[in-house]
Amino acid sequence: MAGKRKPKVAKPKHDDLAKPSKWRLQHGGFSEPIREADPDTGSPVAHRRAVDTLGMMLANGNITPQMHEAGCIFRTLFRSAAIDSMSTSQLIRLPGSTADRLSNRQLDARRRVLAAMDALGGHDSPAGSCVWFVVGLEMSVREWAARRGWSGRPVPQPIAGGMLVAGLGILAMHFGLTPRLQAA
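A brief report on the enclosed structure follows. (Residues numbered from 1 in each chain as written. Predicted model: local features only at pLDDT ≥ 70, side-chain atom pairs only at ≥ 80, totals over all residues. Heavy atoms only, no water.)

As a further point, take the nonpolar core. Side chains of a nonpolar character, in soluble globular proteins, are inclined to be buried together. Phe 74, Trp 144, Leu 164, Leu 168 and Leu 171 are the most contacted members of the largest nonpolar core, which has 32 residues in total. Of all the secondary structure elements, the ones that give two or more residues to this core are α2 (53-60), α3 (65-81), α4 (104-120), α5 (126-136), α6 (141-148) and α7 (157-174). Filtering out sequence-adjacent residues up to four positions away, Leu 164 remains in contact with Thr 53, Met 57, Cys 130, Val 131, Val 134, Val 135 and Val 141. (Core = buried A, V, L, I, M, F, W, Y, C linked by side-chain atoms within 4.5 Å. Buried < 20%, exposed > 50% of the residue type's maximum accessible area, 1.4 Å probe, protein only. Helix = DSSP H or I, 4+ residues; strand = E, 2+ residues; numbered from the N terminus. Contact = heavy atoms within 4.5 Å.)

Right, let's talk about the packing of α2 against α7 for a bit. Contact pair α2 / α7: the axes reach a minimum separation of 13 Å and the direction vectors enclose 90°. Compared by their axis directions, α2 and α7 come out roughly perpendicular. Counted together, Thr 53, Leu 54 and Met 57 of α2 and Gly 161, Leu 164, Val 165 and Leu 168 of α7 form the full contact between these two elements. A class-by-class count of the residues in the contact of α2 with α7 yields five nonpolar, two polar and no charged. (Axes fitted to C-alpha atoms, helices over the stretch in contact; angles between N-to-C directions. Parallel < 35°, antiparallel > 145°, perpendicular 65-115°, else oblique. Nonpolar A, V, L, I, M, F, W, Y, C, P; charged D, E, K, R; others polar.)

In the structure shown here, the tally under the stated rule is two salt bridges. Close ionic contact of Arg 79 with Glu 138 constitutes a salt bridge, the shortest N to O distance being 2.4 Å. Taken together, the residues Arg 79 in helix α3 and Glu 138 in the loop between α5 and α6 connect sequence positions 59 residues apart. Among the residues examined, Glu 138 registers a relative accessible area of 43% and is labelled partly exposed. One salt bridge in this structure joins Glu 143 and Arg 147, with 3.0 Å as the shortest N-O distance. Placement of both Glu 143 and Arg 147 in helix α6 is noted, with a separation of four residues, approximately one turn of the helix. (Salt bridge = Lys/Arg side-chain N within 4 Å of Asp/Glu carboxyl O.)

Written out as structure tokens, the structure is:
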């Protein structure tokens, strides 16, 4: 007597590890893989570079090279200022020491970020909020527009992109990358 056949159990498909995962692809595109040798082992590897918001806007012609440079300067200052980093404790504690002190480089970077934010109209201005989150904290324009927006209200994505372009234009002038026009 023959028994019933058991249905085949589908094996889970494994993702191709040579390509970015579906989760990573939903957060932005990648450049074509660049094949080169690994410096440590000499074996061939493929590097994929994540495309950033400023790079995509420059490639699409939405911003000028001066605006792109201003955004890169702001991002570098933001990182140097260590505003977004999580504070850590020392593994070796000295008796009688107090909290970690900021270096002169961090203090200078914080002053320059503050001056740039003042030029943008402060944290509560549309351009200031957009530049802070999109360029400084490296949030996507879509994410900032939907979650944070200006004054906590969602902003349509095309308007958010315009706010970023305006903020980058102001930063380009603030950092001296574009000349100031004199009133006649």
